Amino acid sequence: MSKKWYVIHTYSGYENKVKANLEHRIESMNMAHKIFDVFIPKESVTEIKQGGRRVTSDKKVFPGYILVEMQLDDDSWYVVRNTPGVTGFVGSQAKPVPLSKDEVKRIQGTVVGTAKPKSFTEFTEGMAVKVTSGPLAEFDGLISEVNADQGKIKVMVSIFGRETPVELGFDQVAKL
């Protein structure tokens, strides 16, 4: 029987605890020869907070799910299925469905790969903002474009009765 990757459903937010519980059960029940790896897919995400501050953190790619590499038989199924926090395997109730090698590579590649961190911001197109610094301080406008990677937004500001696009940094505006 060959080892394959399976997706385990857990309570959302308990992925790390389930991983620790499962690793402890594998060791205490001598299942290391059937259950080989427990993996939580994560990626680095850079969030741009109010004031232009960048915060990089790890976010779970699939909240509520972990991957387990194992040889599936009655014993290994029992150990995983009865780990606290596990709600079940993904697949049919009778027989869990393993991931294909391509799926596993893609998931691990997006997580472990050298891709630069994704950027997220609280600013969105169409949002009303107030310019807080620079020559246009105290002007209000609507965001027409967001460039999270560069930390810039384009704001349509009414100057002399005419809508004018102005490129500003995230730290130069505040939500209305």
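Below you will find a few notes about this structure. (Residues numbered from 1 in each chain as written. Predicted model: local features only at pLDDT ≥ 70, side-chain atom pairs only at ≥ 80, totals over all residues. Heavy atoms only, no water.)

1. A few points about the pattern of salt bridges
Inference 1: Under the definition given, this model contains seven salt bridges.
Inference 2: With a shortest N-O distance of 4.0 Å, lysine 130 and glutamate 138 are connected by a salt bridge.
Inference 3: Its relative accessible area of 26% is what places lysine 130 among the partly exposed residues.
Inference 4: We note a salt bridge from aspartate 140 to lysine 130, for which the minimum N-O separation is 3.0 Å. Of the two residues, aspartate 140 sits in strand β9 (residues 140–147) while lysine 130 sits in strand β8 (residues 128–131), which places them ten residues apart along the sequence.
Inference 5: Each of Lys34, Asp73 and Asp75 takes part in one network of salt bridges that share partners. (Salt bridge = Lys/Arg side-chain N within 4 Å of Asp/Glu carboxyl O. Buried < 20%, exposed > 50% of the residue type's maximum accessible area, 1.4 Å probe, protein only. Helix = DSSP H or I, 4+ residues; strand = E, 2+ residues; numbered from the N terminus.)

2. With respect to the packing of aromatic side chains
Inference 1: Within the structure shown, the criterion is met by four aromatic pairs.
Inference 2: Ring centres 6.4 Å apart and planes at 70 degrees place the aromatic pair tryptophan 5 and phenylalanine 39 in the edge-to-face group. Here tryptophan 5, found in strand β1 (residues 4–10), pairs with phenylalanine 39, found in strand β2 (residues 35–39); they are 34 residues apart in sequence, far enough to count as distant.
Inference 3: Classification of tryptophan 5 by relative accessible area gives buried; the value is 10%.
Inference 4: Geometrically, the ring pair formed by tyrosine 6 and phenylalanine 89 is edge-to-face, given 6.2 Å between the ring centres and 90 degrees between the ring planes. (Phe/Tyr/Trp six-rings, centres within 6.5 Å; stacked < 30°, edge-to-face > 60°.)

3. A look at unusual backbone geometry
Inference 1: Not every positive phi belongs to a glycine, and asparagine 30 is a case in point at roughly 50 degrees.
Inference 2: Its location among the elements puts asparagine 30 in the loop between α1 (15–28) and β2.
Inference 3: Of note, the phi angle at phenylalanine 160 is positive, near 55 degrees, even though the residue is not glycine.
Inference 4: Residue classification places phenylalanine 160 among the exposed residues on the basis of a relative accessible area of 84%.

4. What to know about the environment of arginine 25
Inference 1: When you line up the elements, arginine 25 lands in helix α1.
Inference 2: Between the C-alpha atom of arginine 25 and that of proline 135, which follows or precedes it by 110 residues, the distance is 62 Å.
Inference 3: Beyond its immediate stretch of four places on either side in the chain, arginine 25 contacts Tyr78, Val79, Asn82, Thr83 and Pro84.
Inference 4: Side-chain polar atoms of arginine 25 contact the backbone oxygen of valine 79, separated by 3.2 Å. (Contact = heavy atoms within 4.5 Å. Polar contact = N/O pair within 3.5 Å; in protein donor to acceptor, adjacent residues only side chain to side chain.)

5. Structural notes on the pairing of strand β10 (residues 152–159)
Within a regular beta strand, the side chains point alternately toward one face of the sheet and then the other, so they alternate between its two faces.
Inference 1: For β9 and β10, the ladder comprises six bridges, and the chain directions are antiparallel. Bridged to glutamate 145 within β10 is lysine 154.
Inference 2: Between β9 and β10, which pair antiparallel one after the other, the connecting turn spans four residues, and glycine 151 there sits at a positive phi close to 70 degrees.
Inference 3: Here β10 runs beside strand β11 (residues 162–169); their pairing, made up of eight bridges, is antiparallel. Its bridge partner being in β11, serine 158 is matched across the sheet by glutamate 163. (Pairing = 2+ DSSP bridges.)

6. Details of a positive patch on the surface
Inference 1: Among the surface-exposed residues, Lys4, Lys95, Lys101 and Lys105 lie close enough to one another that they form a single positively charged patch.
Inference 2: Mapping lysine 95 onto the fold places it in the loop between β6 (86–89) and α3 (101–112).
Inference 3: Given the relative accessible area of 56%, lysine 95 is considered exposed. (Patch = residues over 30% accessible without salt bridge, like charges linked within 9 Å, V, L, I, M, F, W, Y side chains within 5 Å. Areas by Shrake-Rupley, 256 points an atom, 1.4 Å probe, with all protein chains shown as cover. Lys, Arg positive; Asp, Glu negative; His and termini not counted. Charge placed at Lys NZ, Arg CZ, Asp CG, Glu CD.)

7. A look at the sheet that holds β11
Inference 1: The antiparallel open sheet is built from five strands, whose spatial order is β11-β10-β9-β8-β12. Since the sheet does not close on itself, it has two edges, and those belong to β11 and β12 (173–175), each with one partner. Adjacent strand axes in the sheet meet at a mean angle of 45 degrees, parallel and antiparallel pairs treated alike.
Inference 2: When β8 meets β12, the two strands line up antiparallel, connected through three bridges. Of the residues in β12, the one forming a bridge with lysine 130 is alanine 174. (Axes fitted to C-alpha atoms, helices over the stretch in contact; angles between N-to-C directions.)

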